[in-house]
Amino acid sequence: MFARLANGNDGPVRVIEGQGTKLSRTMHGIAYDSVHDEIIVPVHLAGAVLVFRAGATGEEAPIRIIQGPHTHILRPETVNVDVKNNEIVVGEDVGQDVMFFPREAKGDVAPLRMIRGPKTGLDEVRGVTVDPVRNLLVVSSRSGKGTTGVFIFNRTDNGDVAPRAIIAGPKSGIIRIRQVEVDPERGKIFVAVKNNVESYKFADASPSPWSSDKPGFIGVWDINDNGDVPPRGVIKGPASEMVWPAGVALDPGDREVYTIDSVSNGMHSYYMPEFFPAKKQ
Amino acid sequence: MIKKLAAACALGFVLLATLATLGRAAPQESKSSKPAPEDIPPIRMIADPYPAFNGIAVDAANGVVAMSDPNRKSLLLYDRARASQGGASRGEASLPMRQIVGPDTFLGMIAGIILDPRRQEIYTANNDIEDTVVVMPYGASGNVKPARVFSVPHQAWGLALSDVADQIAVTVEVQNTIVFYRRQVKGVEAPVRIIRGPDSGLADPHGIYWDESHNEIGVANHGNFRGVVKNTGGGCAPSFVVEDDAEAGESRPPSIRIFAAGAKDDVRPLRVIQGARTGLDWPMGIAYDPQHDAIVVANNGDSSILIFGRTSNGDVAPLGVIRGDRTGISHPMGIAVDAQNGEMWVSNWGDHSALAFASGARGNVAPKRIIRSAPAGMPTPGFGNPMALAYDSKRDELLVPN
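What counts, and at which threshold
- As a convention, each chain's residues are numbered from 1 in the sequence order in which they are written.
- Chains and ligands are labelled by the order in which they are written, letters from A for the one and numbers from 1 for the other.
- Local features in this predicted model are restricted to residues whose pLDDT is 70 or higher, and side-chain atom pairs enter the listing and the counts only when it is 80 or higher, whereas totals over whole chains, interfaces and linings include all residues.
- By the criteria applied, helices consist of DSSP H or I runs no shorter than four residues and strands consist of E runs no shorter than two, each listed in order from the N terminus.
- Neighbour density around each residue's C-beta defines its exposure: 20 or more other C-beta atoms within 10 Å make it buried, 12 or fewer make it exposed, and counts between make it partly exposed, where C-beta atoms are placed from the backbone.
- Throughout, a pair of residues is in contact if the C-beta atoms placed from their backbones lie within 7 Å.
- Paired strands, in this sense, are two strands between which DSSP finds at least two bridges.
- For every domain, the bounds stem from an assignment made automatically or drawn from a database.
- Only Asp, Glu, Lys and Arg are considered charged, only Ala, Val, Leu, Ile, Met, Phe, Trp, Tyr, Cys and Pro nonpolar, and every remaining residue, Gly among them, polar.
- In this description, a nonpolar core means buried residues of the types Ala, Val, Leu, Ile, Met, Phe, Trp, Tyr and Cys, linked to one another by C-beta atoms lying within 7 Å.
- Interaxial angle, 0 to 180 degrees, is taken between N-to-C directions of lines fitted to C-alpha atoms, where a helix line uses only the stretch in contact.
- Residue-level confidence of the predictor, termed pLDDT, takes values from 0 up to 100.

## Topic: the overall build of chain B
When helices and strands are counted, chain B shows one helix and 29 strands. When burial is assessed residue by residue, chain B has 53% of its 402 residues classed as buried. Of all intrachain contacts in chain B linking residues separated by at least 6 positions in sequence, the fraction that spans at least 24 positions is 55%.

Here it is in structure tokens:
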């Protein structure tokens, strides 16, 4: 946990760490529940979703754990919380799915709903978020053989259902994709378009993290966009210091966008008033 | 980097001032497809410009201590004996003999490191993205191509080498596996054997040592376990079969698991150190100390070094612990034993330093020598390939899972 105004190589103000936390490496998602003041984290390596007090520090145990065979959780990659509908949303890469649990779920509990199957088009789910105003689920999914992009479902969809919209294609600039967030007030989707190289095949070109020819960006789309459409707003380029942005978070009140970069191991804050215009009366 | 950060911040303030002066109108919602000006400097940026030590290895015969640095993506080689000289004891950064860094090196999110004194080669595991082990000659410096690179499964962490078996062992976190390759492996080669399966108890393995004198291998096991994913014929996929207990995720206690060096497949360990008395807490690096017939463990979770007897078994307390404010131990990742000089080296993830202790040290003792990759007291964000973040509006904090 870092102070929002931290800068340079400042250290964290708090750290939740240690075996007692049940955290591990490969935690590729995090969500803050501002209503109940809780933090939700997926643990990929233990097939678990952990919920902590937001003020937790040190080797503090989670207050709730969702884990076990009835959860259907395979490898949880990303999470978010829908405070309006009191649900935790879990996205999986290996499982190629999105699951919804009661926010207060604890232990080996079955999901309320599960979006999974060939009609969904989902492959490696990297980010999930809910627009409670429009009752939509927004999912970022990466695929080596299918579509990599932003998939938009109805929030209450269940089973093997097709998305109502997909933002993907050359004009979108999306090659590799990670975390997504929505600004429900303005109807905007913010996407960490990482565009990193992951060959996983030795014979392929060197996946050097140093000199990417297709650097990533933070892209902003309208919640009603569909198809191969360019982003309506972009943060990208050498001055942005972004190479492979993997995460995105928003602070509409301060009109700031945050990203985390896996090459520089850096966290960047951008003041973007044009992304957060005052809502029209 | 500091200059770049300062420049970026300055540019950010210039941008803000310009925007305020011009009173630029915000684009209307959903009415324009014209992108905003793209190349915008951050107003703030948290990044560590210094190397951060993960793994550590020592070669007494050639007088070298080497560290892996996933932060700046480099390998650093220091003079083992001269580490006590210079300004590190006064808090200044130490000068490495050589740093291997740059786009040609294949170095990325590197973790474990080992040295081959006989052939003067450095091995380091790219834990994420690259999924390779990079082999560099001792003499490498700067932006140079590796002597060899070989592919390993995703999330390789620990490395161990045996001259007797002429093999290299690699731990793989997500696969709950130890994979063995022939030492001269290059490119894509099948492993010569693996240890994996429910009887092995492997679950998120990290550090590994190869004790040739007793023909044993020891592994630091974090305990995070997700059942072996079923192969349905079209690749690995969830089974949807709830009654299959092996499909459930588990958070098991951490452990040290000792196997016969020649073990393969789903084999039971010879001994297991596990339980509340052990004090194990995110055990990372692990090494065998032949001088004391002991297993030494970098216990990351409580910033300590635990020392167990080689034949310890079950829920046993460590024979000794190095912990406390005088030790300088801060979230240790790597540990290496220099039997020739009676020392053990510890790499700190928490504060840009590596420490040399007498191998018989116990308690709250000061290290004999310190190597620093940054001036003392320099904070470290501690990021290692971060992938997500969230904003805590109540505390005005940014949350990063690492």
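Structure shown, so let's carry the discussion forward.
## Looking at the overall build of chain A
Along the backbone of chain A there are zero helices and 20 strands. By its C-alpha atoms, chain A is 55 × 45 × 45 Å across when sized along the principal axes. Counting every position in chain A, which comprises 281 residues, the buried fraction comes to 59%. Sequence separation of 24 or more characterises 51% of the internal contacts of chain A that already satisfy a separation of 6 or more.

## Considering unusual backbone geometry
Even without a glycine there, the phi angle at Arg 255 of chain A is positive, about 55°. As for its position among the elements, Arg 255 of chain A is in the loop between strand E18 (245–251) and strand E19 (256–261). Overall, the presence of 16 C-beta atoms within 10 Å leaves Arg 255 of chain A in the partly exposed class. Its identity as a non-glycine residue notwithstanding, Gln 155 of chain B has a phi of 75°, on the positive side.

## A short note on the environment of Ile 168 of chain B
All names here are of chain B. In this structure, Ile 168 sits in strand E11 (residues 167–172). Overall, the presence of 26 C-beta atoms within 10 Å leaves Ile 168 in the buried class. Note: C-alpha distance between Ile 168 and Ala 336 (168 residues apart in sequence) is 17 Å. For Ile 168, the residues in contact, after removing those within four places along its chain, are Tyr 123, Leu 159, Leu 161, Tyr 181, Arg 183 and Val 185.

## Regarding the pairing of strand E26 (residues 353–358) of chain B
Residue and element names in this part refer to chain B. Of all six residues in E26, five are buried, a share of seventy percent or more. Note that strand E25 (residues 343–348) and E26 share six bridges and pair antiparallel. Among the inter-strand pairings, Asn 348 is bridged to a residue of E26, identified as Ser 353. Hairpin connection from E25 to E26: four residues lie between these consecutive antiparallel strands, with His 352 at a positive phi of about 60°. Strand direction decides the pairing type here: E26 and strand E27 (residues 369–372), joined by four bridges, are antiparallel. If you follow Leu 355 over to E27, its bridge partner there is Ile 370.

## Overview of the domain arrangement of chain A
Residue and element names in this part refer to chain A. Along its sequence, chain A is carved into domain 1 (1–116) and domain 2 (117–281). Averaged C-alpha coordinates put domain 1 and domain 2 at centres separated by 20 Å. Contacts between the two partners involve 18 residues from domain 1, matched on the other side by 21 residues from domain 2. Residue assignment for the side of domain 1 that touches domain 2 shows that the elements contributing at least two residues are strand E6 (76–82), strand E7 (87–92), strand E8 (97–102) and strand E9 (113–116). By residue class, the composition of the side of domain 1 that touches domain 2 is five nonpolar, five polar and eight charged.

## Considerations on the interface of chain B and chain A
Counting residues at the interface gives 85 residues for chain B and 91 residues for chain A. A per-element tally of the side of chain B that touches chain A places helix H1 (residues 2–22) of chain B first, with seven residues. When grouped by side-chain class, the residues that make up the side of chain B that touches chain A number 45 nonpolar, 19 polar and 21 charged.

## Here we look at the nonpolar core
Taken as a class, soluble globular proteins show a tendency for nonpolar side chains to be buried jointly. Counting residues in each nonpolar core, the largest one holds 197 residues, and the members touching the most others are Ala 66, Ile 335 and Leu 389 of chain B. The leading source of residues in this core is strand E6 (residues 109–116) of chain B, at six residues.

## Some thoughts on the sheet that holds E19 of chain A
Taken in spatial order, the four strands of this open sheet run E18(A)-E19(A)-E20(A)-E1(B), and their pairing is antiparallel. Both outer strands of the open sheet, E18 of chain A together with strand E1 (44–46) of chain B, are each paired with one neighbouring strand and no more. Adjacent strand axes in the sheet meet at a mean angle of 15°, parallel and antiparallel pairs treated alike. Examined bridge by bridge, strand E20 (residues 266–271) of chain A and E1 of chain B share three bridges and lie antiparallel to one another. Across the sheet, Ser 269 of chain A pairs through a bridge with Arg 44 of chain B, a residue of E1 of chain B.

## A few points about the sheet that holds strand E14 (residues 180–183) of chain A
Two strands in a sheet stick together by hydrogen bonds in their backbones, pointing the same way (parallel) or opposite ways (antiparallel). Residue and element names in this part refer to chain A. In space, the four strands of this open sheet follow the order E14-E15-E16-E17, with antiparallel pairing throughout. In this open sheet, the two edge strands, each paired with only one partner strand, are E14 and strand E17 (233–235). Averaged over all adjacent pairs, the angle separating strand axes in this sheet is 20°, with direction ignored. In this sheet, strand E15 (residues 188–193) lies alongside E14 in antiparallel orientation, the contact comprising four bridges.

## Examining the confidence of the model for chain B
All names here are of chain B. For chain B, the average pLDDT comes to 87, and 85% of its residues sit at 70 or higher. Contacts from residues 1–33, a stretch scored under 50 in pLDDT, to residues over four places away or in other chains number 38 contacts. Scored below 50 in pLDDT, residues 230–246 makes 18 contacts in the model with residues more than four places away or belonging to other chains. Taken over the whole predicted complex, pTM reads 0.90, whereas the ipTM for its chain interfaces reads 0.96.

## Observations concerning the environment of Ser 264 of chain A
By the element assignment, Ser 264 of chain A lies in the loop between E19 and E20. By the C-beta count within 10 Å, which is 24 here, Ser 264 of chain A ends up buried. In this structure the C-alpha to C-alpha distance between Ser 264 of chain A and Val 243 of chain A, which are 21 residues apart in sequence, comes to 7.5 Å. Beyond its immediate chain neighbours, meaning those up to four positions away, Ser 264 of chain A contacts Glu 241 and Val 243 of chain A together with Ala 47 of chain B.

## Some thoughts on the environment of Pro 283 of chain B
All names here are of chain B. Relative to the assigned elements, Pro 283 resides in strand E20 (residues 283–289). The spacing of Pro 283 and Ser 304 is 21 residues in sequence and 9.7 Å in space, taken between C-alpha atoms. In contact with Pro 283, other than residues within four places in its own chain, are His 206, Gly 207, Ala 220, Pro 254, Ile 256, Val 297 and Asn 299.

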